[in-house]
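If you want the building blocks of each chain, they are given just below.
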Amino acid sequence: MSPYAHDDRVMVSPRYMAGAGDRVADVIGPLIHLFGWKHEHDAATGHVAVDSPDASLFVDFAPLHPRGQWLTVAHHEPYWEAKFSRQAPLEAVAAVTQALPQLLGDARHADRIPITDMPLDQLAELNDWSAEDGALTSPDLYCRLQHTPGEEIAWQVEHVYFEGDPLATFTQDTPECLVRNFFAHLTAPMAVERVVADIPLSTRHGNSALITPVRGSGVNPQIHHALAQLDRPNRPGRRR
């Protein structure tokens, strides 16, 4: 029995266990309100299509997508595409979409929207992920980034609980800086806030993630979560 009600807000780590969350506005809003990208919104379905001023880039948000691939970023000439599933943390997805204007030379707000230049293997090492045979794997072995440069899908982020439905895919010509930004925010140790009902059932009923309350602690929820992390025993499968 969970100690939380479905509408309770909690802190969750690791991020790749937390589900998408509800911060869709962070993914799409800055493109529209900070950079003036054109958009169309279907209120009945929630579908939002966003186009860059030069029409070279578009972002398509389809919350009712039948296969759960609810956000697509695509570029024309050269064509490349990044897709994100409903289980991909929106903090990591927003790190991709908010960086798109800089790819087109629009450096406004670049001080607030950093693009990491740290290589993927260094990001992995920083966050205790392992690197082997073209794959970066999380400490608990549940999540990995697979790099296959000779394939059409050059990067794929997979999660053991969502086999067959990758968290994210990036085709060959996707700028690697976008992959780095996604990975940096996926692997960051800081917990993310979620409504309990939005957390995947596999996370809620398993022992792989740490879930702590937002309210009711005597300190900042992030600090409370970090202190709870220190008290956790090593989980099966975690490297020591």
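Residues numbered from 1 in each chain as written. Predicted model: local features only at pLDDT ≥ 70, side-chain atom pairs only at ≥ 80, totals over all residues. Heavy atoms only, no water.

The name given to the protein chain in an unreviewed UniProt entry is DUF317 domain-containing protein, with the source organism recorded as Streptomyces nigrescens.

Caption draft 1: Looking closely at the confidence of the model for the protein chain. A residue-level look at the protein chain finds 88% of positions with pLDDT of 70 or above and a mean pLDDT of 89. Across the protein chain, strand 11 (residues 168-171) holds the top mean pLDDT of 98, while helix 7 (residues 221-230) sits lowest at 55. Counting interchain partners and residues more than four positions distant, the pLDDT-below-50 stretch residues 236-240 has 14 contacts. (pLDDT = per-residue confidence, 0-100. Helix = DSSP H or I, 4+ residues; strand = E, 2+ residues; numbered from the N terminus. Contact = heavy atoms within 4.5 Å.)

Caption draft 2: Representation of the packing of helix 2 (residues 90-97) against helix 5 (residues 176-187). Running from amino to carboxyl end, helix 2 crosses helix 5 at an angle of 155 degrees, the nearest separation of the two axes being 8 Å. Taken as axis vectors, helix 2 and helix 5 run roughly antiparallel relative to one another. Helix 5 is crossed by helix 2, and the crossing has right-handed handedness. Across the interface between the two elements, Glu91, Ala92, Val93, Ala95 and Val96 from helix 2 touch Leu178, Asn181, Phe182, His185 and Leu186 from helix 5. (Axes fitted to C-alpha atoms, helices over the stretch in contact; angles between N-to-C directions. Parallel < 35°, antiparallel > 145°, perpendicular 65-115°, else oblique. Left-handed = near helix turned anticlockwise from the far one by under 90°.)

Caption draft 3: Layout of the nonpolar core. With 58 residues, the main nonpolar core has Leu71, Val73, Phe84, Phe182 and Leu186 as its most contacted residues. Here this core takes 7 residues from helix 5, the largest share from any one element. When sequence neighbours within four positions are dropped, the list of residues in contact with phenylalanine 182 reads Phe84, Ala88, Ala92, Val93, Val96, Val157, Ala168 and Phe170. (Core = buried A, V, L, I, M, F, W, Y, C linked by side-chain atoms within 4.5 Å. Buried < 20%, exposed > 50% of the residue type's maximum accessible area, 1.4 Å probe, protein only.)

Caption draft 4: Representation of the sheet that holds strand 3 (residues 48-51) within the structure. The strand order across the open sheet formed by 10 strands is 2-3-4-5-6-11-10-9-8-7, and the pairing between neighbours is antiparallel. Two strands in the sheet have a free side with no partner beyond their single neighbour: strand 2 (38-41) and strand 7 (130-132). For this sheet the average axis-to-axis angle between neighbouring strands, irrespective of direction, equals 10 degrees. Where strand 8 (residues 135-137) meets strand 9 (residues 143-147), 3 bridges bridge the pair, whose relative direction is antiparallel. Paired with leucine 136 across the two strands is leucine 145, which belongs to strand 9. With respect to the sheet, helix 2 is in contact with strand 4 (57-61), strand 5 (71-75) and strand 6 (80-84), its orientation differing from that of strand 5 by roughly 20 degrees. Most of the contacts of helix 5 go to strand 10 (residues 153-159), to which it runs at about 10 degrees, and overall it touches strand 6, strand 8, strand 9, strand 10 and strand 11. (Pairing = 2+ DSSP bridges.)

Caption draft 5: Structural context of the packing of aromatic side chains. Counted under the stated rule, the structure contains 7 aromatic pairs. Between phenylalanine 61 and tryptophan 70, the ring centres sit 5.2 Å apart and the planes meet at 55 degrees, which makes this aromatic pair tilted. Taken together, a centroid distance of 5.4 Å and an interplanar angle of 35 degrees make the contact between phenylalanine 84 and phenylalanine 182 tilted. Linking phenylalanine 84 in strand 6 with phenylalanine 182 in helix 5, this pair joins segments that are 98 residues apart in sequence. Grouped by ring-pair contacts, the aromatic residues Tyr16, Trp129 and Phe183 constitute a single cluster. (Phe/Tyr/Trp six-rings, centres within 6.5 Å; stacked < 30°, edge-to-face > 60°.)

Caption draft 6: Quick look at the sheet that holds strand 13 (residues 210-213). Here we have 3 strands laid out as an open sheet, ordered 12-1-13, and antiparallel in their pairing. Only two strands of the sheet have a single neighbouring strand rather than two, namely strand 12 (192-195) and strand 13. Taken over all neighbouring pairs, the strand axes of this sheet differ in orientation by 40 degrees on average, direction set aside.

Caption draft 7: Inspection of helix 2 at higher detail. Counting buried residues along helix 2, 8 of its 8 residues qualify, which places the element largely inside the surrounding structure. Of the positions making up helix 2, those classed as buried are Leu90, Glu91, Ala92, Val93, Ala94, Ala95, Val96 and Thr97.

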